[in-house]
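Summary of the model geometry
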Amino acid sequence: MNWIVLIIAVVLTVGYITYVALDMGLRPLTEAEQEKAPGDFITVTGGRLHYRWDGPATGPVVVMVHGFSTPHFIFEQNVSALTSQGYRVLRYDHFGRGWSDRPRTAYTVDFYDTTLMELLDGLNITAPVGLVGLSMGGPIVAEFAGRHTDRVNAVFLFVPAGLDVAGGNDIAAKIVRLPGIGDLMWRIVGRGMLLGDPQYDESGLAEENRLVGDIRTQMDYRGYLDSLLSTLRNTPMTSRTETYRQLAATGMPVAAVFGADDPTVLPSSADKLRDLVPEASIHMLENADHGLNYKRQDATNPLLADFFSPKNEPAS
């Protein structure tokens, strides 16, 4: 029995040392480091949040909310579709991503909702805004619209998560959700798993259809992987039917575009969303994967521009 206890103690000690050593190999995201960011910062409950404005200062506001792992620059190719029509576009990095702080907290549905509300309030945006959500950003904006109907006038969704998402309940996902061993395993393999995502295979793509930014930069700072793991544990990526039902109940305009070849948000999500939000305009894009908003900007930007066309703009 003593040998068993000793072996367990050694394994736990080695695991802890490995966990700490991997963390120490990363840089802290200090305010000095944040000076490299392209935008500005606002302090809200979670810390310093990085955001950027594009478009005319007096235009109606559209807020673009990114997904699980890639920060605000994932929308770079889509911004002009809105600013060209006079919209003022607001993008921001979720806490834990991009240039925003990495608070050690539970990244829950309420946490993401509060962050968006505090961003709007902190920037004195009181008129209803349009929301664009990508992947995990889909249920975030749908939840926000359902909870705060007076602050939103339209919702556009790129490959929204929350319904049929691959890998959410496989063995690997279950392991990383376990306390202790999950933290260690995620710290060891998380970066490689993220960089191995098929979405980031840009071979054969024209330069203008590639990500305008390096996803690896944010990974060099402490807290990035921790924030993703907390999100995996606390923000459901599937079974969000009630979130989308609440969005439908608002009666506001909703549109969504899915990729027929998306290995992450499965195409079957389109039919489920159509059932939950019957009045929504649903588009299925052939030969498109999870990165369709920038890889297929030729097809997605016209949909985005038409949805937010001034002729369709809801009354404030």
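Let me sum up the structure you'll find in this document. Here the structure is a predicted model, which means the values were calculated and not measured.

On to the overall build of the chain, then. Regarding its fold elements, the chain presents 13 helices and eight strands. By the burial criterion, 51% of the 316 residues in the chain qualify as buried. The contacts in the chain between residues at least 6 apart in sequence include a share of 79% that link residues at least 24 apart. Carbon and sulfur atoms make up 56% of the accessible area of the chain, which totals about 14,100 Å².

What follows covers the environment of P267. Mapping P267 onto the fold places it in the loop between strand 7 (254–259) and helix 11 (268–276). A C-alpha to C-alpha distance of 9.7 Å links P267 and L285, two positions 18 residues apart in sequence. Beyond its immediate chain neighbours, meaning those up to four positions away, P267 contacts G259, A260, D262 and M284.

Let's shift gears to helix 11. Among all positions in helix 11, only S269, A270, L273 and L276 are buried. Along the axis of helix 11, the buried residues cluster in a sector spanning 130 degrees; they form a single face. On the buried face of helix 11, the contacting elements are strand 6 (152–158), helix 10 (241–250), strand 7 and strand 8 (281–285).

A few words on the nonpolar core. Membership of the largest hydrophobic core comes to 86 residues, with the highest contact counts inside it found for V63, V155, F158 and F308. Apart from residues no more than four positions distant in its own chain, F308 is found in contact with V62, L82, Q85, Y87, G130, L131, V132, A154 and F156.

A few words now on the sheet that holds strand 5 (residues 129–134). Neighbouring strands of a sheet are bound in pairs by backbone hydrogen bonds; such pairs are parallel or else antiparallel. In spatial order, the strands read 1-2-4-3-5-6-7-8; together these eight strands make up an open sheet with mixed pairing. Of all the strands in the sheet, the pair left with one neighbour each is strand 1 (40–44) and strand 8. Strand-to-strand, the axes of this sheet are offset by a mean angle of 20 degrees, without reference to chain direction. As defined by bridge partners, strand 2 (residues 47–54) adjoins strand 4 (residues 88–92) across four bridges and the pair is classed as antiparallel. Bridged to W53 within strand 4 is L90. The sheet contacts of helix 4 (residues 109–122) involve strand 1, strand 2, strand 3 (61–65), strand 4 and strand 5, and relative to strand 1 the element is tilted by about 115 degrees.

With that out of the way, let us pick up the packing of helix 4 against helix 5 (residues 137–147). Helix 5 packs onto helix 4 with a crossing angle of 70 degrees between their chain directions and a minimal axis gap of 10 Å. Relative to helix 5, helix 4 is oriented roughly perpendicular. Relative to helix 5, helix 4 is oriented so that their crossing is right-handed. Residue-level contacts link V109, D110, Y112, D113, L116, M117 and L120 of helix 4 to I140, E143, F144 and R147 of helix 5. Looking at the contact of helix 4 with helix 5 residue by residue, the class counts come to seven nonpolar, no polar and four charged.

When you tally the buried positions in strand 4, you get four out of five residues, the bulk of the element. Pairing of strand 3 with strand 4, which is carried by five bridges, proceeds in the parallel orientation. Bridge pairing in strand 4 places V62 opposite V89.

What counts and how
The residue count restarts for each chain, going from 1 along the sequence in the order it is written. Only residues with pLDDT of at least 70 are given local features in this predicted model, and only at 80 or more are side-chain atom pairs given and counted; all residues enter the totals for whole chains, interfaces and linings. With hydrogens and water set aside, each side-chain value is computed from the structure's full complement of heavy atoms. Numbering of helices and strands starts at the N terminus; helices are DSSP runs of H or I of at least 4 residues and strands are runs of E of at least 2. The buried label goes to any residue with under 20% of its type's maximum accessible area, the exposed label to any with over 50%, and the partly exposed label to all in between, with areas taken from a 1.4 Å probe on protein chains only. Throughout, a residue-residue contact means that at least one pair of heavy atoms, one from each residue, lies within 4.5 Å. Only the protein chains shown count as covering a residue, and every accessible area follows the Shrake-Rupley method with a 1.4 Å probe. Note that the arc is defined by the directions from the helix axis to the C-beta atoms. By nonpolar core we mean a set of buried residues, namely Ala, Val, Leu, Ile, Met, Phe, Trp, Tyr and Cys, connected to one another through side-chain atoms within 4.5 Å. Two strands pair under a simple rule: DSSP has to find at least two bridges between them. Between the N-to-C directions of two axes lies an angle of 0 to 180 degrees, each axis being a line fitted to C-alpha atoms and, for a helix, fitted only over the stretch in contact. Angular relationships are summarised with four words: roughly parallel below 35 degrees, roughly antiparallel beyond 145, roughly perpendicular across 65 to 115, and oblique for the angles in between. Crossings are sorted by hand: turned counterclockwise from the far helix by less than a right angle, the near helix makes the crossing left-handed, and turned clockwise it makes it right-handed. Classification used: nonpolar for Ala, Val, Leu, Ile, Met, Phe, Trp, Tyr, Cys and Pro, charged for Asp, Glu, Lys and Arg, polar for all others including Gly.

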